[in-house]
Amino acid sequence: TDLPTGAFNIGAPAAPRKPPGRPPGRPKSRQSAPFVFQATKPVEQAPMETEETTGVKFELGPSSSEKKKNRRPKHVRRVDQDALDAYDEAGRCYERGDYETAVKHYTSCLNSAPQGWSLAAKALGNRGAARTMLGRHDDALNDCDAAVELEPGLAKVHNRSARLRLALGRSDEARRSFERARNASTQAVETARSAMKPPPKDALAALATADAGLVDVHRYEDALRRAKTALDAARSHTTKENDEENENPVQQAAKRRSSAQRDVEVDRALRASEDALLRAPLAACARRAKAQALKAGDRWRECAAFCDATAAAIGTPISEGMDMASRAACVARALAALDAASVEEDSL
């Protein structure tokens, strides 16, 4: 049917204007314009184009899920996957105290890693830590040196190497390693501050460790100097005591004073050597100073027990049937194993 054409007003007619004298503060009433409906004749729809009318074949494209599936990269095994697995397993072994297995996994990790692997330096440093716990100090130092050669900015490995060198009594090497750790951590802190970022916690901890290590190196060297001075003084008093031949009262009094002074110097040497061993428990110089102080004070049983403990710690046990010469030679070899310095058997 044909629809009528024309304009129609839909809705109520507009409200008449209100007379003036509206109360103040009252908003004006909003008057919306009436909706006007324009009726027109329906437009004839054009016929739909199909394959028969156009002769063109229409095909649907891929769906959105298929597009996402095609864009998703396929799973490819990483080249360093074997090295990563061994690295993670070594870390778990180290945490539970299985250091021997940790060393094996770190070695397997480094052997299977590709050239220029990003975690090679950390793996070397961690293997050095595991070897330190096993008492393989030379191998541990080699791993730490190889790690910092690959990445000089590893302040934690520098500190670990310095601590091990200090424990072995190599104070000069330990000082250089602590200074390298301090420089690396300071550079990391300054780089972060220049980028307006907070300094890394690892760098701050490494900086504090390096500063404390430098103090320990200074105290170790000072303790060795004090022990040497006290030992020299104790030996001089011992020589005077042994040279006395006359037994008159004056000389006997001098002998007693010399003996008392010798005991004082021996106590000073023992305290200084203990202070040095506190910071360098594996240092041959500190152990030798303590043994010599015990000998100067005629504390033979303590000296023998300490020498036996030193030999057992180095892996040179003392057997029950050894004579004194063999025992002294065994202790001398044990002390020489701690450092390359020669040890005189008669000094013990």
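Residues numbered from 1 in each chain as written. Predicted model: local features only at pLDDT ≥ 70, side-chain atom pairs only at ≥ 80, totals over all residues. Heavy atoms only, no water.

Draft legend 1. View of the side chain of Asp216. Looking at the secondary structure, you find Asp216 in helix H9 (residues 201–243). Apart from the residues within four sequence positions on either side, Asp216 is in contact with Arg163, Leu166 and Arg279. (Helix = DSSP H or I, 4+ residues; strand = E, 2+ residues; numbered from the N terminus. Contact = heavy atoms within 4.5 Å.)

Draft legend 2. Broad picture of unusual backbone geometry. In this structure, Met196 is a non-glycine residue whose phi angle is positive, near 60°. In this fold, Met196 is placed in the loop between helix H8 (171–194) and H9. You will see that Asp298, though not glycine, has its phi angle at about 60°, which is positive. Structurally, Asp298 is set in the loop between helix H11 (284–296) and helix H12 (300–314).

Draft legend 3. Layout of the pattern of salt bridges. Following the criterion strictly, the structure yields 24 salt bridges and no others. Residues Asp222 and Arg225 are paired through a salt bridge, measuring 3.9 Å at the closest nitrogen-oxygen approach. You can see Asp222 and its partner Arg225 sitting in helix H9, three residues apart, about one turn around the helix. Since its relative accessible area comes to 29%, Asp222 is described here as partly exposed. The partner of Asp232 in a salt bridge is Arg235, with the nearest N and O atoms 3.3 Å apart. Pair noted here: Asp232 and Arg235 are both in helix H9, with a separation of three residues, about one helical turn. Classification of Arg235 by relative accessible area gives partly exposed; the value is 38%. One connected set of salt bridges, linked through shared partners, spans Arg163, Asp216, Asp222, Arg225, Arg226, Asp275 and Arg279. (Salt bridge = Lys/Arg side-chain N within 4 Å of Asp/Glu carboxyl O. Buried < 20%, exposed > 50% of the residue type's maximum accessible area, 1.4 Å probe, protein only.)

Draft legend 4. A look at the packing of helix H5 (residues 120–133) against helix H6 (residues 137–150). Following both chains from N to C, one finds H5 and H6 inclined at 160°, their axes separated by 8 Å at the closest point. One way to sum up the angle between H5 and H6 is to call them roughly antiparallel. Like other packed secondary-structure pairs, H5 and H6 cross with a definite hand, here left-handed. Residues Ala120, Ala121, Leu124, Gly125, Arg127, Gly128, Arg131 and Thr132 of H5 lie in contact with H6, whose contacting residues are His137, Asp139, Ala140, Asp143, Ala146, Ala147 and Leu150. Classifying every residue of the contact of H5 with H6 by side-chain character gives seven nonpolar, four polar and four charged. (Axes fitted to C-alpha atoms, helices over the stretch in contact; angles between N-to-C directions. Parallel < 35°, antiparallel > 145°, perpendicular 65-115°, else oblique. Left-handed = near helix turned anticlockwise from the far one by under 90°. Nonpolar A, V, L, I, M, F, W, Y, C, P; charged D, E, K, R; others polar.)

Draft legend 5. Highlighting the side chain of Arg131. Within the element layout of this structure, Arg131 appears in helix H5. A relative accessible area of 16% places Arg131 in the buried class. Within the local environment of Arg131, its side chain forms a polar contact with the side chain of Asp143, the two groups lying 2.9 Å apart. Setting aside its immediate chain neighbours within four residues, Arg131 contacts Val103, Arg136, Asp139, Ala140 and Asp143. (Polar contact = N/O pair within 3.5 Å; in protein donor to acceptor, adjacent residues only side chain to side chain.)

Draft legend 6. Representation of H6 in the model. Here H6 contains 14 residues, and its C-alpha end-to-end distance of 20 Å stays within 8% of the 20 Å for a straight helix at 1.5 Å per residue. If you check which residues of H6 are buried, you get Ala140, Leu141, Asp143, Cys144, Ala147 and Val148. Summarising the axial view, the buried residues of H6 lie within an arc of 160°, below the 170-degree limit, and thus occupy one face. H6 presents Glu149 and Leu150 as exposed residues on the side facing more than 90 degrees away from its buried surface. (Expected span 1.5 Å × (residues − 1). Arc of directions from axis to C-beta.)

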